[in-house]
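Architecture and fold: a report
Listed below, chain by chain, are the residues.
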Amino acid sequence: MTKVYCIGCGLVTPVGNTPSEVLTAVRAGKSAFRLYDGWPEPYYASLLDREGFEGPSFFDHIALQAARTAVQEAGIDASSARVGLVLSTIKGNIEKIDSEDVSLAAAAATLAKGLGVTTAPVVVSNACISGLAALLQGVRMLRSGAYDHVIVVGAEVQSRFIVTGFQSLKALSLNPCKPFDAQRDGLNVGEAAAAMVLSTRECEWEIVEGAVRNDANHISGPSRTGEGSYNALRYVLEGVSADELAFVNVHGTATRYNDQMEAIALNRAGLQDLPINALKGIFGHTMGAAGILESIVSIKACDAGVVLPTQGFSQMGVEPAVNVSALERKTDKKAFVKLLSGFGGVNGALLFRKGGAR
Amino acid sequence: MKQVSIPSGASLTELYRQWVGDYPKFFKMDTLSKLGFLLTEMLVHDEPDRFTFREDRAVLVFSREGCVTNDRHYAESMQDFPSPALFVYTLPNIVSGEISIRNKWGGESSAYVLESYDEARIWDLVRQAFQDKCTKSALVAWIDCTSDNNWITNAWLVNKTDLF
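Thresholds, definitions, all that
Residues numbered from 1 in each chain as written. Chains lettered and ligands numbered in written order. Predicted model: local features only at pLDDT ≥ 70, side-chain atom pairs only at ≥ 80, totals over all residues. Helix = DSSP H or I, 4+ residues; strand = E, 2+ residues; numbered from the N terminus. Rg over C-alpha atoms; globule rule 2.2 N^0.38 Å. Buried ≥ 20, exposed ≤ 12 C-beta atoms within 10 Å, placed from the backbone. Contact = placed C-beta atoms within 7 Å. Domains from an automatic or database assignment. Nonpolar A, V, L, I, M, F, W, Y, C, P; charged D, E, K, R; others polar. Axes fitted to C-alpha atoms, helices over the stretch in contact; angles between N-to-C directions. Parallel < 35°, antiparallel > 145°, perpendicular 65-115°, else oblique. Left-handed = near helix turned anticlockwise from the far one by under 90°. Core = buried A, V, L, I, M, F, W, Y, C linked by C-beta atoms within 7 Å. Pairing = 2+ DSSP bridges.

1. Concerning the overall build of chain B
For chain B, the count of helices and strands is seven helices and five strands. Along chain B, from the amino end to the carboxyl end, the secondary structure elements read β-α-α-β-α-α-α-β-α-β-β-α. On C-alpha atoms alone, chain B measures out to a radius of gyration of 15 Å, which is about the 15 Å that the 2.2 N^0.38 rule sets for 164 residues. Put simply, chain B has 164 residues, and 50% of those count as buried. Expressed as a percentage of contacts within chain B between residues at least 6 apart in sequence, the contacts between residues at least 24 apart total 70%.

2. Some details on the environment of B:S83
Considering the arrangement of structural elements, one finds B:S83 in the loop between α3 (68-80) and α4 (84-87). On the basis of neighbour count, B:S83 is assigned to the partly exposed category, with 17 C-beta atoms found within 10 Å. It is 9.3 Å that separates the C-alpha atoms of B:S83 and B:H73, two residues lying 10 residues apart in sequence. Not counting the four nearest positions on each side in its chain, B:S83 is found in contact with A:S168, B:Y74 and B:S77.

3. Re the domain arrangement of chain A
Residues and elements named next belong to chain A. Along its sequence, chain A is carved into domain 1 (5-199) and domain 2 (205-354). Placing a centre on the C-alpha atoms of domain 1 and another on those of domain 2 gives a separation of 19 Å. Tallying the contact residues gives 59 residues for domain 1 and 58 residues for domain 2. If you list the elements that add at least two residues to the side of domain 1 that touches domain 2, you get β1 (5-12), α1 (19-28), β3 (43-46), α4 (130-143), β6 (149-156), β7 (189-190) and β8 (192-199). With eight residues, α4 is the single largest residue contributor to the side of domain 1 that touches domain 2. Its residues placed into classes, the side of domain 1 that touches domain 2 shows 38 nonpolar, 15 polar and six charged.

4. Looking at the packing of helix α2 (residues 58-74) of chain A against helix α3 (residues 104-115) of chain A
All names here are of chain A. Relative orientation of the contacting elements α2 and α3 amounts to 45°, with a least axis distance of 10 Å. The angle between α2 and α3 places the two elements in the oblique class. The chirality of how α2 crosses α3 is right-handed. Residues F59, D60, A63, L64, A67, R68 and V71 of α2 form the contact with α3, whose own contacting residues are A107, T110, L111, G114 and L115.

5. What about the nonpolar core?
Residues and elements named next belong to chain A. By size, the foremost hydrophobic cluster in this structure holds 186 residues, and its most contacted members are A66, I151 and A195. Considering each element in turn, this core owes the most residues, nine residues, to α2. Here this core gathers at least three residues from each of two domains, domain 1 (5-199) and domain 2 (205-354). Residues in contact with A66, not counting those within four places in the same chain, are G10, L11, V12, V153, A155, A193, A194 and A195.

6. Regarding the interface of chain A and chain B
Chain A puts 44 residues into the contact, and the matching count from chain B is 44 residues. When residues in the side of chain A that touches chain B are grouped by element, the largest group, six residues, is from helix α5 (residues 160-168) of chain A. Residue classes in the side of chain A that touches chain B are distributed as 23 nonpolar, 16 polar and five charged. Bridge count for strand β5 (residues 122-124) of chain A against strand β3 (residues 109-113) of chain B is two bridges, and the pairing is antiparallel. Residue pairing for β3(B): A:V124 is matched across the bridge by B:Y112.

7. So, the pairing of β8(A)
Residues and elements named next belong to chain A. The element β8 is extensively covered by neighbouring structure, given that eight of its eight residues are classed as buried. The two faces of β8 match: A192, A194, M196 and L198 on one face and A193, A195, V197 and S199 on the other face are all buried. Sheet topology note: the β1/β8 ladder contains seven bridges and is antiparallel. Bridged to V12 within β8 is A193. Here β6 runs beside β8; their pairing, made up of eight bridges, is antiparallel. Bridged to V152 within β8 is M196.

8. Description of the sheet that holds β3(A)
Residue and element names in this part refer to chain A. One open sheet accounts for three strands, arranged β2-β3-β7; its pairing is mixed. Either end of the sheet is taken by a strand with one partner, and the two such strands are β2 (34-36) and β7. The sheet contact formed by β3 and β7 spans two bridges and is parallel. Considered in β7, the bridge of S46 is made with G190.

Here you go:
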């Protein structure tokens, strides 16, 4: 089977726009959270600085910025007929719903034009696992043989639409979120854009395998048995020893149900002793960007020989327990799993491994 | 390969009574989900061993508009009292989730948005989805819903052997 490598990445986050800035922030537990005025309820979030921005769409702007950085690092010609584009977002330009075409197709067309991509883009919009599903889509496009490189871009901006929706579901915490902690009481929303160029050209980090599975249980509540998450994990870890893995970077939204469900899935998969970590305590829930952002940060952590800390976690709040990495630890292992779950009963897992040439 | 569609503007309640009748959650769904749910019923109603959990069937839903019709309903509610019942349908993949839940299909479920209806493109993406070694068949649908009484649909039940 064709091997797929990550040959470039780009980030736009409230704590930095380069992998080293972002990694330094995460290692120091530095975030950009603050309380914002809402409609009318306030909300606690990690948002990007819009000061000085005057373009027509902030969403389009950050998606393009992350993508351009990734393309530049990869050194590819984005206009080649052998370069594909996958966009991951949940709500795109939804804040303009009263005045413009807010379809995700329109957002993808704008991004393709900005990058000079000449092949037709595809949007993968699978709720909170979108970024992970988009990376898997990129892997599959490369394995189909029709592309040499695929640019995978995830982005999300926050708006009254999303914030009031989560508030109506009582899913938001008014404090810094606490993934897997006994006192966790909800998620914080976040903004970011993240991009990876995937390629058949050999490089250090490989996406080895990926899977998306449905709980077949409930559209907005996770499975009590962790069914889909467990099945996705089982698929990507077939024939892989847990000893090889540095960690699992989990979804860890800090809602009661999500974290409990992931603990069950990890235990069923026999991964209860493996270090796990969650990054929502730094970035908040960046929705369509999360899968790509958290994968990039995990790659850079492995490169630095560390398992990143889980900001916000202090006391085990799931049963059965899992091995949450509260503080940074050293690791010499060069593989990890990225795990996500979302509304619609979707769950996804990706296995990353370092081993290729520079 | 079995193929079905639902004419734009057809009464979905009548189709529900004709094909289903005993799944009241249907009435909570947005139009996109109702369409996906009914198209699936029309395709698999006579399959043996229905409602037995299976992981070998994917649900792959394509559109241009995604869930924009329901998004407009939520945006209206938001001005007054944001409705959680509407908000949960503001995701393009809830339709694939509803289909998976009804049928106990625990395989892959995904929502894709394309610039326009392009069958060749859809089948390229479906063939790529079959790279998952677990997937042996797929419910594939184009459901483009521009309002609650205006849509274009096409749905297929496809086996791996039909494509390769």
